[in-house]
Amino acid sequence: MRVMVIIKADKDSEAGVMPGEDVLTAMGNFNEELVKAGIMLAAEGLHPSVRGKRIHLGASSPKVIDGPFAETKELIAGFWLWKVKSMEEAVDWAKRIPNPRRAEATIEIRQVGEDDDFGEAFTPELREQEARLRAGAEQNARKG
């Protein structure tokens, strides 16, 4: 199963405070463990919401809302995409995420939807299309 491990934003991440060498070293070492274990598929940090946009889709035309966004507790500062055997394994790994500054932090783990989760509505034709799209996305990722 694949899971997205979401790092919630805090005052510092929203203020654009970049992590110091101690945090970067600890996270780099942890990421190496994840890669060696065959767990990590992707990982990225995000810029503060002041540099972001939200698009509200409704009955009328889309509405663009410029950041920053007020509710820090609802924002994301970064994420990993992991491949694990179970949610319990994901929780075990998440408990090992470094926190060298001992700051309060919230980690959220969400299972990624897989093809079979969509049932009969995900027809063979749609599955074939999805496979082509994933292959194209992987090629784009390799190009950088």
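Note on numbering: residues in each chain are counted from 1, in written sequence order. Totals for whole chains, interfaces and linings use all residues, but because this is a predicted model, local features are given only for residues with pLDDT of at least 70 and pairs of side-chain atoms are given and counted only at 80 or more. Computation of side-chain values: all heavy atoms of the structure, hydrogens and water removed.

A. Spatial organisation of the overall build of the protein chain. Each helix and strand counted, the protein chain has four helices and six strands in total. The order of helices and strands in the protein chain, counted from the N terminus, is β-α-α-β-β-β-β-α-β-α. With respect to the three principal axes, the spread of C-alpha positions in the protein chain is 50 × 45 × 30 Å. Residue exposure (1.4 Å probe, protein chains only): buried if accessible area is under 20% of the type maximum, exposed if over 50%, otherwise partly exposed. Burial analysis of the protein chain (144 residues in total) assigns 18% to the buried set. By definition, residues are in contact when any of their heavy atoms lie within 4.5 Å. Of all intrachain contacts in the protein chain linking residues separated by at least 6 positions in sequence, the fraction that spans at least 24 positions is 74%. If you sum the accessible surface of the protein chain, you get close to 10,600 Å²; carbon and sulfur atoms cover 53% of it. For the purpose of charge, His is not counted, nor are the chain termini; Lys and Arg are scored as positive and Asp and Glu as negative. Think of each charge as sitting on NZ of Lys, CZ of Arg, CG of Asp or CD of Glu. Side-chain charges of the protein chain comprise 21 positive and 25 negative groups, with the mean position of each set lying 3 Å from the other. Going along the chain from the N terminus, every DSSP run of H or I of four or more residues is numbered as a helix, and every run of E of two or more is numbered as a strand. Each accessible area is a Shrake-Rupley estimate made with a 1.4 Å probe; only the visible protein chains count as cover when residues are assessed.

B. Examining the packing of aromatic side chains more closely. Here a Phe, Tyr or Trp ring, Trp counted by its six-membered ring, pairs with any other such ring whose centre lies within 6.5 Å, and the pair is stacked when the planes are under 30 degrees apart, edge-to-face when over 60, and tilted otherwise. All chains considered together, the criterion is met by five aromatic pairs. Put simply, the rings of Phe-30, Trp-80, Trp-82 and Trp-93 pair up and form one aromatic cluster. One residue, Arg-54, lies across the ring of Phe-69, its end atom 4.0 Å from the ring centre. Whether a charge sits over a ring comes down to the Lys NZ or Arg CZ being within 6 Å of the ring centre and within 35 degrees of the ring normal. In this structure, Arg-96 packs its charged tip against the face of Trp-93, placed 4.3 Å from the ring centre.

C. The sheet that holds strand β5 (residues 76-83), seen in detail. Strand order in the open sheet formed by four strands is β2-β5-β1-β6, with antiparallel pairing between adjacent strands. The open sheet has two edge strands, β2 (40-45) and β6 (107-111), and neither has a second partner. The sheet shows a mean angle of 15 degrees between the axes of neighbouring strands, direction not considered. Running over the sheet, helix α3 (residues 87-94) touches β1 (2-8), β5 and β6 and is turned about 160 degrees from β6. DSSP-based pairing: two strands are paired if at least 2 bridges between them are found. Whenever a helix is involved, its axis is fitted only over the stretch in contact; in every case the axis is a line through C-alpha atoms, and angles between N-to-C directions fall within 0 to 180 degrees.

D. Structural view of the pattern of salt bridges. What makes a salt bridge here is a side-chain nitrogen of Lys or Arg within 4 Å of a carboxyl oxygen of Asp or Glu, nothing more. Using the criterion set out here, one finds 10 salt bridges in the structure. Salt-bridge contacts for Arg-134 lead to Glu-130; the nearest nitrogen and oxygen are separated by 3.1 Å. One end of the pair is Arg-134 and the other is Glu-130, both in helix α4 (residues 124-143) and four residues apart, which spans about a single turn. Each of Lys-8, Glu-108 and Arg-110 takes part in a single network of salt bridges with overlapping partners.

E. A look at a nonpolar patch on the surface. For patch building, the residue pool is restricted to those with more than 30% relative accessible area and no salt bridge; the joining distance is 9 Å between like charges and 5 Å between nonpolar side chains (Val, Leu, Ile, Met, Phe, Trp, Tyr). Where nonpolar side chains cluster on the molecular surface, the patch consists of Ile-55, Leu-57 and Val-64 and spans about 320 Å² of accessible area. Position of Leu-57 relative to the elements: it lies in the loop between β3 (53-56) and β4 (63-66).

Worth remembering: the numbers are spatial, not functional.
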